[in-house]
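What follows is each chain in one-letter form.
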Amino acid sequence: MTLTRREREILALLRRDPLAGAQSIADALGTTRAAVNVHLSNLGKKGAILGRGYILRQEHAVVVIGGANVDIKVRSLAPVAYRTSNPGRSHTSPGGVARNVAENLARLGTPTHLIAAVGQDPAGERLLTETQAAGVRVDHVHRGPHPTGTYTAVLDADGELVVAIADMTATDALSPEHLHRARDLIGHAGMLVLDGNLSPRTLSYVLDIASATGVRTLIDPVSVPKAALLAPLFAAGRPVFTVTPNVAELAALTGRDLAGTADGDDRELLRAVADLHERGVRHVWVRLGARGSLLSTEGADRVPLDAPPAEVQDVTGAGDAMLGAFAHALLTGADPAGAARYGHAAAALTVATPATVRPDLTPRLIEDALNAPLRRTT
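How each quantity is defined
- Residues numbered from 1 in each chain as written.
- Predicted model: local features only at pLDDT ≥ 70, side-chain atom pairs only at ≥ 80, totals over all residues.
- Heavy atoms only, no water.
- Pairing = 2+ DSSP bridges.
- Helix = DSSP H or I, 4+ residues; strand = E, 2+ residues; numbered from the N terminus.
- Core = buried A, V, L, I, M, F, W, Y, C linked by side-chain atoms within 4.5 Å.
- Buried < 20%, exposed > 50% of the residue type's maximum accessible area, 1.4 Å probe, protein only.
- Contact = heavy atoms within 4.5 Å.
- Phe/Tyr/Trp six-rings, centres within 6.5 Å; stacked < 30°, edge-to-face > 60°.
- Lys NZ or Arg CZ within 6 Å of the ring centre and 35° of its normal.

**Section: the pairing of strand S16 (residues 302-305)**
No. 1: Examined bridge by bridge, strand S15 (residues 293-297) and S16 share 4 bridges and lie antiparallel to one another. The residue bridging Ser293 from the neighbouring strand is Leu305, located in S16.
No. 2: What sits between S15 and S16 in their antiparallel hairpin is a turn of 4 residues, with Gly299 showing a positive phi close to 75°.

Here it is in structure tokens:
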């Protein structure tokens with residue numbers, strides 16, 4: 001099912017308010033009621049909405065499983081001086097890779113369920129309240145005995161990450177037993193997004209469900225140590241739709257020395273990508289920093305993608321925006337390369353703000369960013 005841009009915009013509005021009338025949709029989009037009725041009719045024919053009240057098909061719902069924590073971001077007012085005190089500013093907000101991906105998806109209009117673990121404390125309560133307010137379903141978030149996790153990031157004056165410390169004890173304790181009641185939800189998801197903060201045992205449990213039910217699975221390794229723990233889980237008999245490592249994480253996943261990549265020698269990188277294809281990964285999307293990324297599809301061409309220009313305020317959350325937008329684009333009919341470009345645009349829009357998840361992120365904002373260079377050349 002391929003939807004037009006206007007149809008996707010209407011679906012995004014209906015996900016926020018399933019009882020919205022044609023006139024209110026027309027007012028929000030700056031068009032006519034008659035035009036909206038035509039689009040609604042087409043959405044019905046395509047099966048995107050069902051019956052009265054514009055009930056949305058749930059097979060396109062994404063289930064995101066992994067880390068949810070409180071982000072504490074500290075930014076220096078001048079270039080960081082090591083081993084001494086630096087004047088700066090601090091900010092606290094909801095965070096966690098899985099939680100951030102889920103919020104990005106929800107803001108783009110994709111029905112999204114988050115499965116994670118938070119503590120029975122005020123921080124966990126705030127995290128759930130704010131995540132739900134962004135449009136994410138949190139019914140399956142586990143409230144455990146461990147304090148809600150924290151991610152403390154120190155940023156230089158230019159917004160680049162200097163160091164980060166993650167306390168993910170609550171997420172480490174999330175076990176298959178906690179996910180058992182969500183088994184049907186996972187098995188019927190339109191797409192599954194996992195982050196490497198999960199324990200190998202829990203990741204293996206979820207991958208088994210996805211493999212048995214044919215659910216497309218996207219995995220973000222998160223970090224080099226987590227990628228090393230993930231490596232044994234990739235096997236040809238348990239296919240994974242997409243994995244999204246950076247170069248260091250790719251090295252940890254495959255055991256290859258990729259130091260030469262920094263000098264532009266990609267031969268060993270391509271061998272590492274081929275290794276993952278042989279182990280059942282359909283798409284390997286390698287993030288190359290300022291060089292952009294490389295999307296490799298098993299049995300097809302490799303597509304290099306440039307990173308769009310951006311005025312960086314804060315790099316935190318860029319990868320989460322990329323992955324969330326990539327999944328959203330795939331579910332709305334984009335091919336993988338087009339979805340990756342969509343993800344790059346979302347990341348560029350996110351780093352241009354101080355927010356970990358850009359609060360005004362919409363499909364139109366991303367599409368305008370993608371089309372902006374075309375406008376300047378006409």
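Additional details are given in the paragraphs that follow.
**Things to note about the nonpolar core**
No. 1: In terms of nonpolar packing, the biggest core is built from 46 residues, with Val64, Leu218, Phe326 and Ile366 touching the most fellow members.
No. 2: Breaking this core down by element, the ones donating at least two residues are strand S3 (62-65), helix H4 (97-107), helix H5 (122-133), strand S11 (191-195), helix H13 (318-331) and helix H14 (336-351).
No. 3: Broken down by element, this core gets its largest block of residues, 10 residues, from H13.
No. 4: Those residues in contact with Ile366 that sit more than four places away from it in its chain are Leu108, Ala325, Tyr342, Ala345, Ala346, Leu349 and Leu361.
No. 5: The next biggest cluster of nonpolar side chains, apart from the first, holds 40 residues, and it includes Leu192, Val215, Leu230 and Val281.

**Notes on the packing of aromatic side chains**
No. 1: Counting across every chain of the model gives 1 aromatic pair.
No. 2: For the pair Trp285 and Phe326, a centre-to-centre distance of 4.8 Å together with 35° between the ring planes defines the contact as tilted. Of this pair, Trp285 sits in strand S14 (residues 281-287) while Phe326 is found in helix H13, placing the two residues 41 residues apart along the sequence. Across this residue pair, the class does not change: Trp285 and Phe326 are buried.
No. 3: Above the face of the Phe241 ring, Arg216 is positioned so that its terminal group lies 5.2 Å from the ring centre.
No. 4: Here Arg287 stacks its cationic end above the ring of Trp285, 5.9 Å away from the centre of that ring.

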